[in-house]
Amino acid sequence: MTKKTSNPTQSLKIPKPILQIGKIIATISPKLTVLFTAKLFTSPIKHKIPKRELEMDHKSIQQLIKIPAIHKKIVLYQYGESEKKILLSHGWSGRGTQLFKIADELIKLGYSTISFDAPAHGKSPGRTTIMSEFVETILEIERQFGPFEAAVGHSLGSMSLLNAVKKGLTLQHLVLIGSGDVVQDILDDFIAKLQLKPVFSEYLRLHIEKKLGEKMDDYSAYQSAKEVAIPVLVIHDKNDDEVPVTAAIHINKHLKNGTLFLTKGLGHRRILGNSEVIEKVVQFIATKNSRA
């Protein structure tokens, strides 16, 4: 196992009643505790769409589409009318309109964007999901609406895009913002936030692996990065208190064609609206595309 680099893309402040319930269940049954933690881990919070995202919400064409591989449906956003398409992928408890400022600038440059509410997120139905479903959603969107010239992801959306590229998503270039890295670190951090014994992190991992039939570390960003040959821009803030900057450094180390851009004082979410970051993103996409 690699050294600890990332705490969680599934960051949350857990209410005291939940902490108390978890501690009580832990004294009764380890098995029930694992089921309890698994339910919490796979349940995103659906936030009301903020006013700043309403323009993209109103101007985009939205439709409910099926993702056959996971037997779920998601809401998809088509923003702009260009045939040159960029895929956007939000993070845990995010929305398809969350990267609206990046989308607006890309449209000014003659692109259109496709984004989505991941399963159990935003306007999409359901209550639970996991990263593997993000990945299957991205691959199905490519089948129905691709090809895409590039993709931009945030947090868990970045990890999902890396995994999707490893599994066949075709892009000319990729942008990762605030990406998590090692899945076990995410589980460790989640269990620590629940104030449970560290051993429950291993129990939770084994439970998820048994259910999925896959090793969780295979979804770690650095593992996927090893198999990604396209140009990748890795953006992260040095003061991100949800996903440490060491995650970005570690991911970039394993990329064949990576560029690392670090900011300071923007944190995990404000980085999405920063003008310098947005300029870096659109320049990277436009410049790389002009060379293709």
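Everything in this summary refers to the structure shown in the same document. Being a predicted model, the structure only gives us computed values, none of them experimental.

## Focus on the pairing of strand S6 (residues 173–177)
In regular strands, side chains alternate between the two faces of the sheet. With respect to burial, S6 is a largely interior element, five of its five residues being buried. With four bridges joining them, S6 and strand S7 (residues 232–237) adopt parallel strand pairing. Directly across from Val 175, in S7, lies its bridge partner Leu 233.

## Brief notes about the side chain of Arg 95
Residue position: Arg 95 is located in the loop between strand S3 (85–89) and helix H4 (100–108). Residue classification places Arg 95 among the buried positions, given a relative accessible area of 9%. Those residues in contact with Arg 95, other than ones at most four positions away along the chain, are His 47, Ile 49, Pro 50, Glu 53, His 90, Phe 116 and Asp 117.

## Thoughts on the sheet that holds strand S2 (residues 72–79)
Within the open sheet, the eight strands sit side by side as S1-S2-S4-S3-S5-S6-S7-S8. Their pairing is mixed. Sheet topology places strand S1 (61–67) and strand S8 (258–263) at the edges, where each strand pairs with a single neighbour. Averaged over all adjacent pairs, the angle separating strand axes in this sheet is 20°, with direction ignored. Here strand S5 (residues 150–154) runs beside S6; their pairing, made up of five bridges, is parallel. Counted as the bridge partner of Ala 151 is Leu 174 from S6. Strand contacts of helix H5 (residues 131–145): S1, S2, S3 and strand S4 (112–117), with the helix running at about 115° to S1, the strand carrying the most contacts. Sheet contacts for helix H6 (residues 156–166): S3, S5 and S6; angle to S5, the most-contacted strand, approximately 140°.

## Observations concerning the pairing of S8
As judged from the six bridges shared by S7 and S8, these two strands associate in the parallel manner. Looking at S8, one finds that Val 234 is bridged to Leu 260. Crossover handedness for the path S7 to helix H10 (residues 245–254) to S8: right-handed.

Parameters at a glance
- Residues numbered from 1 in each chain as written.
- Predicted model: local features only at pLDDT ≥ 70, side-chain atom pairs only at ≥ 80, totals over all residues.
- Heavy atoms only, no water.
- Buried < 20%, exposed > 50% of the residue type's maximum accessible area, 1.4 Å probe, protein only.
- Helix = DSSP H or I, 4+ residues; strand = E, 2+ residues; numbered from the N terminus.
- Pairing = 2+ DSSP bridges.
- Contact = heavy atoms within 4.5 Å.
- Axes fitted to C-alpha atoms, helices over the stretch in contact; angles between N-to-C directions.
- Right-handed = clockwise from strand over helix to strand, strands pointing away.

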